[in-house]
Amino acid sequence: DAGVIQSPRHEVTEMGQEVTLRCKPISGHDYLFWYRQTMMRGLELLIYFNNNVPIDDSGMPEDRFSAKMPNASFSTLKIQPSEPRDSAVYFCASSSQDREKLFFGSGTQLSVL
Amino acid sequence: AQKITQTQPGMFVQEKEAVTLDCTYDTSDPSYGLFWYKQPSSGEMIFLIYQGSYDQQNATEGRYSLNFQKARKSANLVISASQLGDSAMYFCAMREGAGSARQLTFGSGTQLTVLP
C-alpha cells in the first residue's frame, strides 16, 4: 500500500512568496491532518478534515495560512505571504474511521529566507 | 497545563539493554488513547504502539511494550534488547474523547541514543 504522500520534500522560498504544500492521504482514509513541527513548539496540529470537510482549524496560526481538501485524495496547505517564522517541517497524516493510528507522510521541510 | 509530559529530553542506553522512556498525561476524559511514535533522523513519523484507556492489558508490539499505569496517568514505553537502529526521537501522544475525534496531542519528545 502506498503511504501518505507529501510534496515537495523540501521547499526554500523568500519572504513574501506564496507556498503550497501538497498531500495525498492513504486511499480509504477519511481523516486528514496537517501538523507543524518546530524545535520551539514541537508538533502542533494546524487543521484536520473529516470526509473532506474542515472540522477544527483552531491551530492555524493566522490568516496567512489556509488549507483545502477538494476531494478525498488531495489536500493543500497554503501560506501567503510566507514569513521566516513559518520555517518548519509540515506533516500531513491520515487515518480511517475505525482505526486509531495516524499514518504520517514524510513531511515537507520549509525554509523561508 | 501540559497534556503530555516527557521529562527526559535525552536518554542513552547500551546496545542489547532495555530502556524505559517516560510519559505522563493529563485528562479528565474517561475515554482516551495513548500512542508512541518514533522519528529517526530522516524525519518520518513511525507509529510504534497504542494503548486504549479501557484496555485491560498492557500493549505489546514486538520489542516495544507500553507500561500503562492508569492511576498514575503514565504510559511509559519499554524497548527491550535495544538496537543501534533504535536511536531516534520518541514521541508520546494522546487522543482524548471517544467518537470521531482523531487529533493527537504530542509530548516534547525524548532523544534516545543507543551506544555500541
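This text goes with the structure placed above it.
All values reported here derive from a predicted model rather than from experimental measurement. (Residues numbered from 1 in each chain as written. Chains lettered and ligands numbered in written order. Predicted model: local features only at pLDDT ≥ 70, side-chain atom pairs only at ≥ 80, totals over all residues. Heavy atoms only, no water.)

A few words now on the interface of chain B and chain A. Taken together, the 17 residues of chain B in the interface contact 19 residues of chain A. With both sides pooled, the region where chain B packs onto chain A buries about 1,600 Å², and carbon together with sulfur makes up 56% of that total. Across the chain B-chain A interface, the total number found is zero salt bridges. Listing elements by their share of the side of chain B that touches chain A, those giving two or more residues are strand 5 (32-39), strand 6 (46-52) and strand 10 (88-96) of chain B. At three residues, the largest contribution of residues to the side of chain B that touches chain A is made by strand 5 of chain B. When its residues are assigned to classes, the side of chain B that touches chain A shows nine nonpolar, five polar and three charged. (Contact = heavy atoms within 4.5 Å. Buried area = accessible area lost by both parts, 1.4 Å probe. Salt bridge = Lys/Arg side-chain N within 4 Å of Asp/Glu carboxyl O. Helix = DSSP H or I, 4+ residues; strand = E, 2+ residues; numbered from the N terminus. Nonpolar A, V, L, I, M, F, W, Y, C, P; charged D, E, K, R; others polar.)

Looking now at the packing of aromatic side chains. Summed over the entire model, instances satisfying the criterion amount to 16 aromatic pairs over all chains. Aromatic pair Phe-104 of chain A and Tyr-37 of chain B: ring centres 5.3 Å apart, planes at 80°, arrangement edge-to-face. Here Tyr-37 of chain B lies in strand 5 and Phe-104 of chain A lies in strand 10 (residues 103-104), a pairing that spans two chains. With relative accessibility at 10%, the residue Phe-104 of chain A sits in the buried group. Here the aromatic residues Tyr-31, Phe-33, Tyr-35, Tyr-48, Phe-91 and Phe-104 of chain A together with Phe-35, Tyr-37, Phe-47, Tyr-50, Phe-91 and Phe-106 of chain B are joined through ring pairs into a cluster of three or more. The ring centre of Tyr-64 of chain B lies 5.7 Å from the NZ or CZ of Arg-63 of chain B, which sits over that ring. (Phe/Tyr/Trp six-rings, centres within 6.5 Å; stacked < 30°, edge-to-face > 60°. Buried < 20%, exposed > 50% of the residue type's maximum accessible area, 1.4 Å probe, protein only. Lys NZ or Arg CZ within 6 Å of the ring centre and 35° of its normal.)

Another point: the layout of surface pockets. Vacant regions in the atomic arrangement are exposed by a probe of water-molecule size rolled over the atoms. If you add up the space inside the largest pocket, you get close to 710 Å³. For the lining of the largest pocket, the elements supplying multiple residues, two or more each, are strand 4 (31-38), strand 5 (42-50), strand 9 (88-95) and strand 11 (108-112) of chain A together with strand 1 (4-5), strand 10 and strand 11 (105-106) of chain B. Considering each element in turn, the lining of the largest pocket owes the most residues, three residues, to strand 4 of chain A. Looking at the lining of the largest pocket residue by residue, the classes come out as 13 nonpolar, 18 polar and three charged. (1 Å grid on protein atoms, 1.4 Å probe; cavity = no way out; pocket = protein on both sides within 12 Å on 5 of 7 lines; lining within 4 Å. Points joined across faces, edges and corners; volume = space filled by probe spheres on them.)

Attention shifts here to the state of the cysteines. Formally, a disulfide is one covalent bond, and it connects the sulfur atom of one cysteine to the sulfur atom of another. Under the counting rule described, the total for this entry stands at two disulfides over all chains. There is a disulfide in this structure between Cys-23 of chain A and Cys-92 of chain A, and the S-S distance comes to 1.9 Å. Between Cys-23 of chain A and Cys-92 of chain A the sulfur-sulfur dihedral comes to about -65°; the bridge is accordingly left-handed. Taken together, the positions of Cys-23 of chain A in strand 3 (residues 19-24) and Cys-92 of chain A in strand 9 put the pair 69 residues apart, joining distant regions of the chain. Like Cys-23 of chain A, the residue Cys-92 of chain A is buried in the burial classification. A sulfur-sulfur distance of 2.0 Å marks the disulfide that ties Cys-23 of chain B to Cys-92 of chain B. Between Cys-23 of chain B and Cys-92 of chain B the disulfide shows an S-S torsion of about -65°. By sign, it is left-handed. Of this pair, Cys-23 of chain B sits in the loop between strand 3 (19-21) and strand 4 (24-25) while Cys-92 of chain B sits in strand 10, placing them 69 residues apart in sequence. (Disulfide = S-S within 2.5 Å.)

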